[in-house]
Amino acid sequence: MRRRIHPALVGFAALVFLFLLGPLVIILGASLSNTTYLAFPPEGLTLRWFENAFEISAFRRTMVTSFSLATLGTLLSLAIGIPAAYAMARYRWHLPRFLGNVFVLPVLVPEIVLGFALMKSVATGLDTPIYTTLLVGHALLVLPYCVRVVGASLAQFDFSVEEAAVSLGCPRWRAFFTVVLPNIRGGVIAAFVLAFITSLNDVSISIFLTGPGVSTLPIQLLAHMEQFFDPTIASVSVLLMFVTVVVMALVERTLGLTFLAR
Amino acid sequence: MTVSLTLDGVSASYGKTRVLEDLSLEVGAGELVSLLGASGCGKTTTLRLVAGFLAPDAGRIRLGDRDLTRLPAHARDIGLVFQTYALFPHLTVLDNVGFGLKQRGLGRAARRAKAGEMVERVGLSGFADRYPANLSGGQRQRVALARALVIDPPLLMFDEPLSNLDAKLRVDMRVEIRRLQRANGTTALYVTHDQEEAFSISDRVAIMDRGRIMQLDAPEVLYSRPANAFVADFVGFDTLLPMRAVAEAGDAVRVRMEGGATLDLPRSDWTVPAQDFLFAARADGLLVAREGAGIPARLGLRTYLGRAYQYRCETPAGELIANGPLSQPMEPGETAVLIPNPEQCCLLPAET
């Protein structure tokens, strides 16, 4: 039996998709437009704005900064987040419950406030180099994702497996690496991807922490937009989207997106 | 090499809650002892203390002449079988079994040979390259067993190993466990809440309650001669009547039960342990008859058990359950006597 779907529902669903995908299509179109201003539908087709994005040294520099920040910040965050998630899953009954929420605080505090606080306390207070401050900020920003996603993975893990390893003569620290880690691999990868993308696209924390000589790609994009309103902005956006899609697709192919949904 | 396991005055607590109170236990070399009790009685805590996952507040744990009390868990050399099997999901059957050998520094070839041999012994040849996710519950438990046995431990411990299996498989697996344990002559400690499982598999069973061992004996002794009211109730004595010896009646002792009824217990059949005592019986041990020396009763609801009729009986001491022969069905409302069979009842010292 085929279920009849009400035409209004079809229409509504189409509107939702239009709403979600429309901006992406517009940006993609605008990035290809052969005009010196953002135009949609594109007038003429060219790839020169993509070329331009790589030719402007500020974009090249900030791309490197953004990718290295996203990579290092995520790794730093995982280095803190995995042990934290492990401790909270393993000693659930012995630890106070608010501990779990502490690690989610960066999500609850508006990012603007977080960025401002970091600027006040770390950047100006301790006078740390800009890159270091950015790294700390990004690690903090993505920490909730790391703790939550790895934690979700650990919640499914039967800790008697770890005890079995110990009973067979494996010291506990080694059991973590040989038995626990391989079995939460999916969660760790998913956490890495989520955190990486979040860090790569972040504006609100970075805007407080960038400074002379050091900036991130999204911040550079804003700066560029204030002076030139040309399709380079669109092409850089498309590149950022492209990286995100490729990473997501890789995860989907290797693990399935269910890891992210969990 | 078979050694004995000794727990000497062991106490343990979770936070402020005492879960084990001055527990002493000896499992002889090559013996299989079960810890039996309801959840929260301390049986799993005892096992975890021996395994080294918990530290005792007081007392010593020894295995042969080794003192385990302060030894880290990975250095205790104990084979453990878990309720959830706890197989390594990311390793094949062969690598699961070989894990303990790897920790002992065995080379790859030797490891695979020895693990392969053990996989075969538990009847899983052909499954060596499978992952745990692709095995049935029974097969997983065999892998867990092989993994614990292959390191040739002086002590094997089982934590409710069969409770995730269906009824038929449970019976097969417990026979298998017993067979392998006997063949290796390994000392074993077995934790379960299933009385039939504990009784069928063990040399001796410790019945536990609230962190103490209530009685440690061979299953036959526990079943027919419980030492106290808790154990009697646990092994199915559903009638527990407080009684008091009140007079001599020739070669019998006259006892009075609650409600005032009296009963003469011939000295040749019964040994009254004290003036105040508990009379314990199963339904089988109280025979419903029209007349004789017994507890006066009025019959209530009758049910058919196949081998006998079972009656709810109103007596001066309250409602009792007793069985009557199939040859003489009696009707609700009739008056009868319940005659205790000395072979199937026991007299216990009253609780203090």
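Residues numbered from 1 in each chain as written. Chains lettered and ligands numbered in written order. Predicted model: local features only at pLDDT ≥ 70, side-chain atom pairs only at ≥ 80, totals over all residues. Heavy atoms only, no water.

1. A word on the sheet that holds strand β9 (residues 204-209) of chain B
Residues and elements named next belong to chain B.
- Pairing is mixed across the open sheet formed by 6 strands, whose spatial order is β6-β7-β8-β3-β9-β10. The open sheet has two edge strands, β6 (78-81) and β10 (212-217), and neither has a second partner. Sheet twist, expressed as the mean angle between neighbouring strand axes with direction ignored, is 20 degrees. (Pairing = 2+ DSSP bridges. Helix = DSSP H or I, 4+ residues; strand = E, 2+ residues; numbered from the N terminus. Axes fitted to C-alpha atoms, helices over the stretch in contact; angles between N-to-C directions.)

2. A look at the packing of aromatic side chains
- Counted under the stated rule, the structure contains 12 aromatic pairs over all chains.
- Taking 5.9 Å as the distance between ring centres and 70 degrees as the angle between the ring planes, the aromatic pair formed by Y86 of chain A and F159 of chain A counts as edge-to-face. In this pair, Y86 of chain A is assigned in helix α3 (residues 57-90) and F159 of chain A in the loop between α7 (130-155) and α8 (160-167), connecting sequence segments 73 residues apart.
- Given a relative accessible area of 11%, Y86 of chain A falls into the buried group.
- Of note, R147 of chain B hangs over the ring of F88 of chain B, and the distance from its end group to the ring centre comes to 4.7 Å.
- A cation sits over an aromatic face here: R282 of chain B above Y223 of chain B, 3.8 Å from the ring centre. (Phe/Tyr/Trp six-rings, centres within 6.5 Å; stacked < 30°, edge-to-face > 60°. Buried < 20%, exposed > 50% of the residue type's maximum accessible area, 1.4 Å probe, protein only. Lys NZ or Arg CZ within 6 Å of the ring centre and 35° of its normal.)

3. A closer look at the interface of chain B and chain A
- If you look at the interface, chain B gives 19 residues, while chain A gives 17 residues.
- Between chain B and chain A the total buried area reaches about 1,600 Å² when both faces are included, carbon and sulfur atoms providing 63% of it.
- Together, H74, H90 and Q103 of chain B form the three largest contributors to the area buried by chain B at its contact with chain A, with a combined 34%.
- Here chain B is connected to chain A by 1 salt bridge.
- On the surface where chain B and chain A come into contact, there are 7 residue pairs in polar contact (both at pLDDT 80 or more).
- At the level of secondary structure, the elements contributing two or more residues to the side of chain B that touches chain A comprise β6 and α2 (93-103) of chain B.
- The leading source of residues in the side of chain B that touches chain A is α2 of chain B, at 3 residues.
- Residue composition of the side of chain B that touches chain A, grouped by class: 11 nonpolar, 5 polar and 3 charged. (Contact = heavy atoms within 4.5 Å. Buried area = accessible area lost by both parts, 1.4 Å probe. Salt bridge = Lys/Arg side-chain N within 4 Å of Asp/Glu carboxyl O. Polar contact = N/O pair within 3.5 Å; in protein donor to acceptor, adjacent residues only side chain to side chain. Nonpolar A, V, L, I, M, F, W, Y, C, P; charged D, E, K, R; others polar.)

4. A short note on the domain arrangement of chain B
All names here are of chain B.
- According to the domain assignment, chain B consists of domain 1 (5-233) and domain 2 (237-349).
- Its C-alpha centre places domain 1 at a distance of 41 Å from the equivalent point of domain 2.
- Across the boundary between the two partners, domain 1 contributes 9 residues, which contact 11 residues of domain 2.
- Three residues stand out in domain 1 for area buried against domain 2, namely Y223, R225 and A232, and they jointly supply 50% of the buried area on that side. (Domains from an automatic or database assignment.)

5. Here's the deal with the pairing of strand β19 (residues 335-340) of chain B
Residues and elements named next belong to chain B.
- Relative to β19, strand β15 (residues 286-289) runs antiparallel, the two sharing 4 bridges. Bridge pairing in β19 places L287 opposite I339.
- With 4 bridges joining them, strand β16 (residues 295-304) and β19 adopt antiparallel strand pairing. For I295, the partnering residue across the bridge sits in β19 and is L338.

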